[in-house]
Amino acid sequence: MKNKRKTIAIDMDGVIADVEAQLIDWYHRDHGILISKEDMLGKPEPEAFPNKEAVLKFLHTPGFFRTLPVMPNAVEVVKELMNDYDIYIVTAAMEFPLSLYEKYEWLQEHFPFISWKNIIMCGDKSIIDTDYLIDDHIKNLDFCKGRPIMFNAGHNSNVSHHQRVHNWDEVKALFNNIKNLSETTAV
């Protein structure tokens, strides 16, 4: 009998889509003030900008979620992980209703190899029951039923109670180590 494949839930915003870069670019474009990623350390995204209402307005602006930059190496590493794991994109999309379709279109453009059946748009991620969860928000990781993996972001820089990865190269290395360990223990 074939072993059941392990599952990985991957958050979208701040993990495969670079929200921080988009906020920085849009704020600079509209207000002429350039905020650095270092300025965002330890603060929720809106709090890192002089006019937090402007940032909240961006999140409700058509096109914001549709035009997010892809995190470096995310596409390649997710494709590679699909060789050994069932991958699900799990994104909170209910708070910003415009984001629902924009996120779906974004995924179709950048991650067309992920089936619509493996895309979960929800409001509360505590219902997700996968072996691993890669997310940047502590509120999701703290309730993870599997193994939580915290993707580095300015707003979580002061948190240390979850395993942290800083980029997709580190995600790849982590899962290569997990695979090697499971192969060693299976022998």
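Structure shown above.
If you're wondering where the values come from, they're calculated on a predicted model, not measured in any experiment. (Residues numbered from 1 in each chain as written. Predicted model: local features only at pLDDT ≥ 70, side-chain atom pairs only at ≥ 80, totals over all residues. Heavy atoms only, no water.)

**Focus on the packing of helix α1 (residues 19–31) against helix α2 (residues 52–59)**
It is the contact of α1 with α2, at a shortest axis distance of 11 Å, that shows an interaxial angle of 115°. Along this stretch, α1 crosses α2, giving a crossing that reads as right-handed. Within the contact between the two elements, α1 uses Leu 23, Trp 26, Tyr 27, Asp 30 and His 31 and α2 uses Ala 54, Val 55 and Phe 58. (Axes fitted to C-alpha atoms, helices over the stretch in contact; angles between N-to-C directions. Helix = DSSP H or I, 4+ residues; strand = E, 2+ residues; numbered from the N terminus. Left-handed = near helix turned anticlockwise from the far one by under 90°. Contact = heavy atoms within 4.5 Å.)

**Regarding unusual backbone geometry**
Of note, the phi angle at Asn 73 is positive, near 70°, even though the residue is not glycine. Tracing the backbone through its elements, the reader meets Asn 73 in the loop between α2 and α3 (74–81). Judged by its relative accessible area of 33%, Asn 73 falls in the partly exposed class. (Buried < 20%, exposed > 50% of the residue type's maximum accessible area, 1.4 Å probe, protein only.)

**With respect to the environment of Ile 127**
Looking at the element boundaries, Ile 127 is found in the loop between β3 (119–122) and β4 (132–135). You can call Ile 127 exposed: its relative accessible area is 60%. Separated by 48 residues in the primary sequence, Ile 127 and Lys 79 place their C-alpha atoms 25 Å from one another.

**What to know about the pattern of salt bridges**
Enumeration over the complete set of coordinates arrives at 12 salt bridges. Asp 11 is the partner of Lys 125 in a salt bridge, and the nearest nitrogen-oxygen pair spans 2.7 Å. Taken together, the positions of Lys 125 in the loop between β3 and β4 and Asp 11 in the loop between β1 (6–10) and α1 put the pair 114 residues apart, joining distant regions of the chain. Like Lys 125, the residue Asp 11 is buried in the burial classification. A salt bridge links Glu 105 to Arg 66; the nearest nitrogen and oxygen atoms lie 3.4 Å apart. With a gap of 39 residues between them, Glu 105 in helix α4 (residues 99–110) and Arg 66 in the loop between α2 and α3 connect regions that are remote in the sequence. The exposure class of Glu 105 is partly exposed, given its relative accessible area of 28%. Salt bridges sharing common partners tie together Asp 11, Lys 125 and Asp 135. (Salt bridge = Lys/Arg side-chain N within 4 Å of Asp/Glu carboxyl O.)

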